[in-house]
Amino acid sequence: MIRIDVITILPEMIQQGISHSIVRRAQESGVAEIRVVDLRQYTHDRHRTTDDTPCGGGGGMIMKVEPVAEALDDLVGGDAKVRVLLTDPQGRKFDQAFARELATEEHVVILCGHYEGVDERIRQHLVTDEVSIGDYVLTGGELPALVILDAVTRLQTGALGDEGAPDRDSFADGLLEHPHYTKPREYRGWTVPDILLEGNHALINRWRRKEQLRRTRDRRPDLWEAYTLTELDKQLVKELENTETDLCP
Ligand code: ADE
């Protein structure tokens, strides 16, 4: 059971994003409690202002510190164990290892960054982690928050129905996934590999492992370099290399 609070100026966007599929079912079954918190609730002026012009001048609007601090007082109450994330393209890159780390927490808060930036005092005093979902700039932190909470929620025990499923994900063991097929066995002349139809599970597992190795080696040199081959893997890679040199004499 994990609790995830999302602090946002666009609560409908988060609400919509958590109302489907596995993330919705995880909430219904008590695997995850997700609270959507409207930052404007913590403003006190008539216009419910959450941003202001930068001290020192210049363009762009800056997210104000007071509504964020008050929201966090309410949600966290000074509990130092709570992870408070700020979505920010300058932050630590989000990946499966980071998702696994967050999935072990009891309580995570995600503050969706906005405008040209946030008041530096938010970073200095209120946030534990700054998180980027990739090297591109989005208009706000809501999509990153949904990405993070989806990846973290599906790792909770019981979230996927099938307990073993996260083990089969890409990256779970440092390799990409093998190809998948379903029926029909032939469509427009595009066929399913025979080995998957012959019912020999030892051979199927071997084939799948070999394809995981092939994909990772060919597509993700970064993962390939970090991966330690088992004895079986070494044999499978040799087989791959042999068939490849057969094809290109
Ligand atoms: N806000 C804007 N772009 C972002 C990104 N790539 N990751 C996290 N937060 C962001």
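Above: the structure in question.
Calculation notes
- Every residue gets a number counted from 1 within its own chain, in the order that chain's sequence is written.
- With pLDDT at 70 or above as the cut-off, local features in this predicted model cover only qualifying residues; side-chain atom pairs require 80 or more to be listed or tallied, and sums for whole chains, interfaces and linings still use all residues.
- The side-chain figures draw on all heavy atoms in the structure; neither hydrogens nor water molecules are used.
- Any carboxyl oxygen of Asp or Glu within 4 Å of a side-chain nitrogen of Lys or Arg constitutes a salt bridge here.
- For every residue, the accessible area obtained with a 1.4 Å probe (protein chains only) is divided by the maximum for its type, and the residue is called buried under 20%, exposed over 50%, and partly exposed between those limits.
- Elements are defined by DSSP. Helices are runs of H or I of four residues or more, strands are runs of E of two residues or more, and each kind is numbered from the N terminus.
- Any two strands with at least two DSSP-identified bridges between them are counted as paired.
- For this analysis, a ring pair means two rings from Phe, Tyr or Trp (six-membered ring only for Trp) whose centres lie within 6.5 Å, classed as stacked if their planes differ by under 30 degrees, edge-to-face if by over 60, and tilted for the remaining angles.
- Here, nonpolar core means buried Ala, Val, Leu, Ile, Met, Phe, Trp, Tyr and Cys residues that are tied together by side-chain atoms lying within 4.5 Å of each other.
- For this analysis, residues touch if any pair of their heavy atoms sits within 4.5 Å.

### Observations concerning the pattern of salt bridges
On inspection of all chains with the given rule, the structure shows 25 salt bridges. As a salt-bridge pair, Asp 119 and Arg 121 come within 2.7 Å of each other at their nearest N and O atoms. On the accessibility criterion, Asp 119 (16% relative accessible area) is buried. We note a salt bridge from Lys 234 to Glu 231, for which the minimum N-O separation is 3.2 Å. Placement of both Lys 234 and Glu 231 in helix α9 (residues 231-247) is noted, with a separation of three residues, approximately one turn of the helix. A relative accessible area of 42% places Lys 234 in the partly exposed class. Look at Glu 231 and you get exposed, because its relative accessible area is 59%.

### Some words on the sheet that holds strand β4 (residues 62-63)
Strand order across the open sheet formed by three strands is β3-β4-β7, with mixed pairing between neighbours. Two strands lie at the open edges of the sheet, namely β3 (51-52) and β7 (117-118), each paired on one side alone. Where β4 meets β7, two bridges bridge the pair, whose relative direction is parallel. Within the sheet, the bridge partner assigned to Ile 62 lies in β7 and is Gly 117.

### Observations concerning the packing of aromatic side chains
For the coordinates displayed, the defined rule picks out three aromatic pairs. Ring geometry for Phe 94 versus Phe 98: centroids 5.7 Å apart, planes at 50°, classification tilted. Accessibility classification places Phe 94 together with Phe 98 in one group, the buried group. Centroid distance Trp 224 to Tyr 227: 6.5 Å. Interplanar angle 20°. Geometry classified as stacked. A relative accessible area of 21% means that Trp 224 is categorised as partly exposed.

### Focus: the nonpolar core
Membership of the largest hydrophobic core comes to 28 residues, with the highest contact counts inside it found for Ile 4, Phe 94, Ile 110, Ile 148, Leu 149 and Val 152. Taken together, the elements giving at least two residues each to this core come down to β1 (2-8), α2 (21-28), β2 (32-38), α4 (96-103), β6 (107-111) and α6 (142-153). The greatest single-element share of this core, amounting to six residues, is contributed by α6. With sequence-adjacent residues up to four places away left out, Leu 149 is seen in contact with Ile 4, Val 6, Ile 18, Val 23, Ile 34 and Ile 110. Of all hydrophobic cores here, the second largest spans 20 residues; its members include Met 63, Val 65, Val 76 and Val 109.

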